[in-house]
Amino acid sequence: MSTALHLAKPEDLDRLMTLVAAFHAEMAIESSEESRKNALAPLLDGIPLGCVYLIGPARAPLGYIVLTFGWSVEFGGMDAFVDEIYIRPAVRKRGIASEVLIDLPKALAEGGLKAVHLEVDREDESAQHIYQRARFKPRERYMLMTKTL
């Protein structure tokens, strides 16, 4: 992989908060700085339920990817969900996201993961193209449903 990935640590929180705020603003995701911080901090502290990778140089990341881990009987073991992936607008369309989404699952498979899932807006053909290029396939019979608690 030519695009470096760095497992984010507690000292990366400020850099990451800036990127996440930009992503949430772009996608019109309503979240407060406090809720973002409360969601990210355990991942940076090493909670085993997920992780965050900074994409590109650690001191000036080009983006980030958040993975959360689960267990799937259907897929035969541990799986992951791409909760968020973001690339700064100034460096988009250079294949960075595609490279991450192609190479990171390979590394995860070597670590024993059985599947990686992600969610995409049905109207966002550009994102769908990126995900399909990385060999993610739509599951026509299924739709993600959510109940906020």
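Residues numbered from 1 in each chain as written. Predicted model: local features only at pLDDT ≥ 70, side-chain atom pairs only at ≥ 80, totals over all residues. Heavy atoms only, no water.

Examining the side chain of serine 72
Okay, step 1: Mapped onto the elements of the fold, serine 72 is located in strand β3 (residues 63-72).
Okay, step 2: Judged by its relative accessible area of 10%, serine 72 falls in the buried class.
Okay, step 3: In terms of polar contacts, serine 72 uses its side chain to reach the backbone amide nitrogen of phenylalanine 75, at 2.9 Å.
Okay, step 4: The residues touching serine 72, leaving out its near neighbours within four places in the chain, are Gly77 and Asp79. (Helix = DSSP H or I, 4+ residues; strand = E, 2+ residues; numbered from the N terminus. Buried < 20%, exposed > 50% of the residue type's maximum accessible area, 1.4 Å probe, protein only. Polar contact = N/O pair within 3.5 Å; in protein donor to acceptor, adjacent residues only side chain to side chain. Contact = heavy atoms within 4.5 Å.)

Observations concerning helix α3 (residues 96-110)
Okay, step 1: With 15 residues, α3 extends 21 Å from end C-alpha to end C-alpha; this agrees with the ideal 21 Å at 1.5 Å per step.
Okay, step 2: Here the buried face of α3 lies against β1 (5-7), β2 (50-55), β3, β4 (77-87), β5 (115-118) and α4 (125-133).
Okay, step 3: Positive phi shows up at glycine 112, right after α3, with a value of about 105°. (Expected span 1.5 Å × (residues − 1).)

Some remarks on the sheet that holds β5
Okay, step 1: Within the open sheet, the 5 strands sit side by side as β1-β2-β3-β4-β5. Their pairing is mixed. In this open sheet, the two strands that pair with only one neighbour each are β1 and β5. Sheet twist, expressed as the mean angle between neighbouring strand axes with direction ignored, is 30°.
Okay, step 2: Pairing of β4 with β5, which is carried by 4 bridges, proceeds in the parallel orientation. Looking at the pairing, valine 82 lines up with leucine 118 of β5.
Okay, step 3: Seen against the sheet, helix α2 (residues 33-44) touches β2 and β3 and runs at an angle of roughly 95° to β2.
Okay, step 4: Along the sheet face, α3 touches β1, β2, β3, β4 and β5 and points at about 160° away from the line of β4. (Pairing = 2+ DSSP bridges. Axes fitted to C-alpha atoms, helices over the stretch in contact; angles between N-to-C directions.)

Thoughts on the environment of valine 100
Okay, step 1: Residue placement: valine 100 occurs in helix α3.
Okay, step 2: Counting along the chain gives 95 residues from valine 100 to leucine 5, while the straight-line C-alpha distance between them is 8.2 Å.

Overview of the pattern of salt bridges
Okay, step 1: Applying the stated criterion across every chain, the model contains 4 salt bridges.
Okay, step 2: Glutamate 26 is the salt-bridge partner of arginine 92, the closest N and O atoms lying 2.7 Å from each other. Of this pair, arginine 92 sits in the loop between β4 and α3 while glutamate 26 sits in helix α1 (residues 13-26), and the two are 66 residues apart along the sequence.
Okay, step 3: The partly exposed category is assigned to arginine 92, whose relative accessible area is 31%. (Salt bridge = Lys/Arg side-chain N within 4 Å of Asp/Glu carboxyl O.)

Focus on the environment of alanine 97
Okay, step 1: Locating alanine 97 in the fold gives a position in helix α3.
Okay, step 2: Look at alanine 97 and you get buried, because its relative accessible area is 17%.
Okay, step 3: Setting aside residues up to four positions removed in sequence, alanine 97 forms contacts with Ile85, Ile87 and Ile130.

Thoughts on the pairing of β3
Okay, step 1: Judged from the 6 bridges that link them, β2 and β3 form a sheet pairing that is antiparallel. Counterpart to cysteine 51 in the pairing with β3 is leucine 67.
Okay, step 2: Across 10 bridges, the pairing between β3 and β4 is antiparallel. For valine 66, the partnering residue across the bridge sits in β4 and is glutamate 84.
Okay, step 3: Counted between consecutive antiparallel strands, the loop separating β3 from β4 contains 4 residues, among which glycine 76 sits at a positive phi close to 85°.

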